[in-house]
Amino acid sequence: ETAVFQTPNYHVTQVGNEVSFNCKQTLGHDTMYWYKQDSKKLLKIMFSYNNKQLIVNETVPRRFSPQSSDKAHLNLRIKSVEPEDSAVYLCASSWGVNTGQLYFGEGSKLTVL
Amino acid sequence: TQTVSQSDAHVTVFEGDSVELRCNYSYGGSIYLSWYIQHHGRGLQFLLKYYSGNPVVQGVNGFEAEFSKSDSSFHLRKASVHWSDSAVYFCAASASGGNYKPTFGKGTSLVVHP
């Protein structure tokens, strides 16, 4: 049963546009993550928040910015998309950090034309 | 920083066969090791994890994994696969020391022929 909800599931846009992905979890977890999954299925962590505090901020282009309004929500904004941003963006949550058990959403697939 | 290696990119078996998907890790301290399954077009689903205790851990849908410190491995096994087990399987590691970055292997695509 899905408890990590991502919207939109698909988004097609052109180079230079802005896009936002939203994520909400209903599990009561205190830690949330954004991962990027490329066309080869490789998963790379981008950001992580614990109790609304940024704890992981990987080396990603500055056009990417996370936004956390509370423990249950973590959004991702891309200010001016580039073709290499085409990927699936996966949101996940966990109870605590480093517990070895993440709960993932269904993903948001971005296509940049 | 922990690293995770999945040596097999693709594994093909027939329904009813047993299967083992391999995972090796590198990290000097305490570590959580996990397996996840990703069906086509879906998110990842947690299967099982190990941190300490019995090195053989049971997961959902008949999956189990065995931890070996000497081999730095955490291989996933299933005794009899079903066609619905066709998916990509990811091994993951989370260092308990606190770098807060769950790290995933490259994934193994399992295809089960009926």
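Just so you know, these numbers come straight off a predicted model, no measurement behind them.

Attention now moves to the sheet that holds strand β3 (residues 19-25) of chain A. Residues and elements named next belong to chain A. The strand order β1-β3-β8-β7 describes an open sheet built from four strands, whose pairing is antiparallel. The two strands at the open ends of the sheet, each matched to only one other strand, are β1 (4-7) and β7 (64-70). Between one strand and the next, the sheet's axes are offset by a mean angle of 15°, whatever the strand orientation. Sheet analysis places β7 next to strand β8 (residues 73-78), joined by five bridges and oriented antiparallel. Within β8, the residue paired with Asp-70 across the bridge is His-73.

Our focus in this paragraph is the state of the cysteines. Residues and elements named next belong to chain A. According to the stated counting rule, one finds two disulfides over all chains in the structure shown. Across the disulfide, Cys-23 is cross-linked to Cys-91 (sulfur-sulfur distance 1.9 Å). The sign of the -80° torsion about the S-S bond sets the Cys-23-Cys-91 disulfide as left-handed. Placement of the pair is Cys-23 in strand β3 and Cys-91 in strand β9 (residues 87-94), with a sequence separation of 68 residues.

Let's shift gears to the layout of surface pockets. Size it by volume and the largest pocket reaches roughly 400 Å³. The wall of the largest pocket is formed by 21 residues, among which Gln-37, Lys-41, Val-88 and Lys-109 of chain A together with Gly-41 of chain B lie closest to the centre. Contributing elements (two or more residues each) for the lining of the largest pocket: β9 and β11 (108-112) of chain A. Broken down by element, the lining of the largest pocket gets its largest block of residues, four residues, from β11 of chain A. Split into classes, the residues belonging to the lining of the largest pocket amount to five nonpolar, 11 polar and five charged.

What follows covers the packing of aromatic side chains. Geometry of an aromatic ring pair is reported as the spacing of the ring centres plus the angle between the planes. Within the structure shown, the criterion is met by 14 aromatic pairs over all chains. Judged by centre distance (6.3 Å) and plane angle (40°), the ring pair of Tyr-33 of chain A and Tyr-35 of chain A falls under tilted. Tyr-35 of chain A matches Tyr-33 of chain A in its accessibility class, with the two residues each being buried. Look at Phe-104 of chain A and Tyr-36 of chain B: their rings are 5.9 Å apart centre to centre, the planes differ by 85°, and that puts the pair in the edge-to-face class. Note that Phe-104 of chain A is positioned in strand β10 (residues 103-104) and Tyr-36 of chain B in strand β5 (residues 31-38), a pairing that runs across two chains. Residues Phe-104 of chain A and Tyr-36 of chain B agree in their burial class; the two are buried. Three or more aromatic residues joined by ring pairs form one cluster here, namely Tyr-33, Tyr-35 and Phe-104 of chain A together with Tyr-36, Phe-46 and Phe-104 of chain B. Over the face of the ring belonging to Phe-63 of chain B we find Lys-78 of chain B, whose NZ or CZ atom lies 4.8 Å from the ring centre.

Turning our eyes to something else, we now look at the pairing of strand β12 (residues 108-113) of chain B. In the case of a regular strand, side chains alternate between the two sheet surfaces. Residues and elements named next belong to chain B. Residues of β12 alternate between two faces, with Thr-108, Leu-110 and Val-112 buried on one and Ser-109, Val-111 and His-113 left unburied on the opposite face. Sheet topology places strand β2 (residues 10-14) next to β12; five bridges connect them, and they run parallel. Paired with Val-11 across the two strands is Leu-110, which belongs to β12. Both strand β10 (residues 87-95) and β12 contribute to a ladder of three bridges, which runs antiparallel. Residue pairing for β12: Tyr-89 is matched across the bridge by Thr-108.

Definitions and limits used
- Residues numbered from 1 in each chain as written.
- Chains lettered and ligands numbered in written order.
- Predicted model: local features only at pLDDT ≥ 70, side-chain atom pairs only at ≥ 80, totals over all residues.
- Heavy atoms only, no water.
- Pairing = 2+ DSSP bridges.
- Helix = DSSP H or I, 4+ residues; strand = E, 2+ residues; numbered from the N terminus.
- Axes fitted to C-alpha atoms, helices over the stretch in contact; angles between N-to-C directions.
- Disulfide = S-S within 2.5 Å.
- 1 Å grid on protein atoms, 1.4 Å probe; cavity = no way out; pocket = protein on both sides within 12 Å on 5 of 7 lines; lining within 4 Å.
- Points joined across faces, edges and corners; volume = space filled by probe spheres on them.
- Nonpolar A, V, L, I, M, F, W, Y, C, P; charged D, E, K, R; others polar.
- Phe/Tyr/Trp six-rings, centres within 6.5 Å; stacked < 30°, edge-to-face > 60°.
- Buried < 20%, exposed > 50% of the residue type's maximum accessible area, 1.4 Å probe, protein only.
- Lys NZ or Arg CZ within 6 Å of the ring centre and 35° of its normal.

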